[in-house]
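# A structural walkthrough
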Amino acid sequence: MVEMIAPGEVWLVGAGPGDPDLLTRKAERLIGAASVIFYDALVGPGILDLIPPHVRRVPVGKRSGRHSKDQSSINNLLVVAAQDGERVVRLKGGDPSMFGRSMEEIDALAAAGVRTRICPGVTAASAAAASAGISLSLRGLARRVQFVTAHAQAGDPLELDWAQLADPRCTTVFYMGRSAAGEISRRLIGSGLDPATPVLVACDVSLAGEQLLQTRLDLLPLAARTFTEGKPALILVGDAVGNRTVRDARLIAAAERAS
């Protein structure tokens, strides 16, 4: 029988948004076949519970402002483990190819002669849309969907093509957007997007503590402040987002106070 992971091989595995039920069957089999798993901070606890007791776990989580390992150190850990003949799984939140810095790890492993393969996962934007009961694309409203990372070095502005992002016939999803909510709101409105454009802010997507707050673009900075500092959040912008009402009593009260 062919082993699912050969000794000295590395799999980059998408852990999805956190709910173990959203993990792919292949991802679950790879987790069970590994001898060592390097996992991110955004990997849900229910996913980690699926790791067999005999599999070595190595946390290499990175969150804004709290980096346990820099990327070059993670690359080196993967290379060393593969060269030692381990069956390596690199477990990443969401999908490895969506803002997961996959190519940096793939390039480092390839330079060391290590075979690397990818198992995709459910990205947080898809899970947030599912939880909210909306579609990211919608005939007549959103023909295009664009994904943007809102992460920048502390104090640096977001260097983005705001004119292109301010497309009223598009759904734009900002990953890691909470701290940049004020700039996102200001720059999109300044580039011509209607201040009343619907926005959905999603936190802890698919987990028990999931929060979905619906607001409008000009009230986005206020909405973002209702979330706990440091929590991973998505910001979805566009008319398709407002196609179905998803409300939270705290946001309604905050919006009414602001009006």
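In this report, the structure presented in the accompanying data block is examined. If you're wondering where the values come from, they're calculated on a predicted model, not measured in any experiment.

## Regarding the packing of helix α3 (residues 71-83) against helix α4 (residues 102-111)
Two numbers describe how α3 lies on α4: the axes approach to 9 Å, and their chain directions differ by 45°. As the angle between them shows, α3 and α4 are arranged oblique. As α3 runs across α4, the sense of the crossing is right-handed. Contacts between α3 and α4 involve Q71, I74, N75, L78 and V79 from the first element and E104, E105, A108 and L109 from the second. Looking at the contact of α3 with α4, its residues break down into five nonpolar, two polar and two charged.

## Comments concerning the sheet that holds strand β6 (residues 88-92)
The strand order β3-β2-β6-β1-β7 describes an open sheet built from five strands, whose pairing is parallel. Across the chains shown, the open sheet's two edge strands, defined by having one partner strand only, are β3 (56-59) and β7 (116-119). Pairwise comparison of adjacent strand axes, ignoring direction, gives a mean angle of 20° for this sheet. Most of the contacts of helix α1 (residues 25-33) go to strand β1 (residues 10-14), to which it runs at about 135°, and overall it touches β1, β2 (36-39), β6 and β7. Across the face of the sheet, α4 comes into contact with β1, β6 and β7 while running at roughly 170° to β1.

## Notes on the packing of aromatic side chains
One pass over the structure, following the stated rule, counts three aromatic pairs. Measuring from centroid to centroid gives 6.2 Å for F147 and Y175, while their planes differ by 65°, and the two rings are edge-to-face. On the criterion of sequence distance, the pair formed by F147 in strand β8 (residues 144-149) and Y175 in strand β9 (residues 170-175) is long-range, its members being 28 residues apart. Taken together, the aromatic side chains of F99, F147 and Y175 make up a single cluster linked through ring pairs.

## Description of α1
Looking only at α1, the buried set comprises A27, L30 and I31. Burial along α1 is one-sided: seen end-on, the buried residues are contained in an arc of 105°.

## A closer look at the nonpolar core
Grouped together as the largest cluster of nonpolar side chains are 23 residues, with contacts concentrated most on F174, I184, L188, L220, I235 and V237. Put simply, the parts of the chain that give this core at least two residues each are α6 (162-165), α7 (181-190), β10 (198-203), α8 (220-224) and β12 (233-237). Excluding residues within four positions of it along the chain, I184 makes contact with A150, L158, W162, F174, G177, L220 and I235. In this structure, W11, A27, I51 and C119 belong to the second largest nonpolar core, which totals 19 residues.

## Quick look at the sheet that holds strand β11 (residues 211-216)
Strand order in the open sheet made by the five strands is β8-β9-β12-β10-β11, with mixed pairing throughout. At either margin of the open sheet sits one strand with a lone partner, and together these are β8 and β11. Sheet twist, expressed as the mean angle between neighbouring strand axes with direction ignored, is 20°. With six bridges joining them, β8 and β9 adopt parallel strand pairing. Note that in β9 the partner of F147 across the bridge is V173.

## Section: helix α5 (residues 124-132)
Structurally, the α-helix is built with 3.6 residues per turn, so residues lying three or four positions apart point the same way. Along α5, the residues that are buried comprise A124, A125, A127, A128, A129 and A132. On its buried face, α5 is in contact with β8, β9, β10, β11 and β12. Phi turns positive one or two residues past the end of α5, at G133, with a value near 70°.

## Quick word on a nonpolar patch on the surface
Together, F99, F147 and M176 give the surface a local cluster of nonpolar side chains, amounting to about 250 Å² of exposed area. With a relative accessible area of 32%, F147 lands in the partly exposed category.

## Topic: the pairing of β1
Of all the five residues making up β1, five are buried; the element is thus mostly covered by neighbouring parts of the structure. Judged from the five bridges that link them, β1 and β6 form a sheet pairing that is parallel. Bridged to V13 within β6 is L91. As defined by bridge partners, β1 adjoins β7 across four bridges and the pair is classed as parallel. When the sheet's bridge partners are listed, V10 is paired in β7 with T116.

Criteria and thresholds
- Residues numbered from 1 in each chain as written.
- Predicted model: local features only at pLDDT ≥ 70, side-chain atom pairs only at ≥ 80, totals over all residues.
- Heavy atoms only, no water.
- Axes fitted to C-alpha atoms, helices over the stretch in contact; angles between N-to-C directions.
- Helix = DSSP H or I, 4+ residues; strand = E, 2+ residues; numbered from the N terminus.
- Parallel < 35°, antiparallel > 145°, perpendicular 65-115°, else oblique.
- Left-handed = near helix turned anticlockwise from the far one by under 90°.
- Contact = heavy atoms within 4.5 Å.
- Nonpolar A, V, L, I, M, F, W, Y, C, P; charged D, E, K, R; others polar.
- Pairing = 2+ DSSP bridges.
- Phe/Tyr/Trp six-rings, centres within 6.5 Å; stacked < 30°, edge-to-face > 60°.
- Buried < 20%, exposed > 50% of the residue type's maximum accessible area, 1.4 Å probe, protein only.
- Arc of directions from axis to C-beta.
- Core = buried A, V, L, I, M, F, W, Y, C linked by side-chain atoms within 4.5 Å.
- Patch = residues over 30% accessible without salt bridge, like charges linked within 9 Å, V, L, I, M, F, W, Y side chains within 5 Å.
- Areas by Shrake-Rupley, 256 points an atom, 1.4 Å probe, with all protein chains shown as cover.
- Salt bridge = Lys/Arg side-chain N within 4 Å of Asp/Glu carboxyl O.

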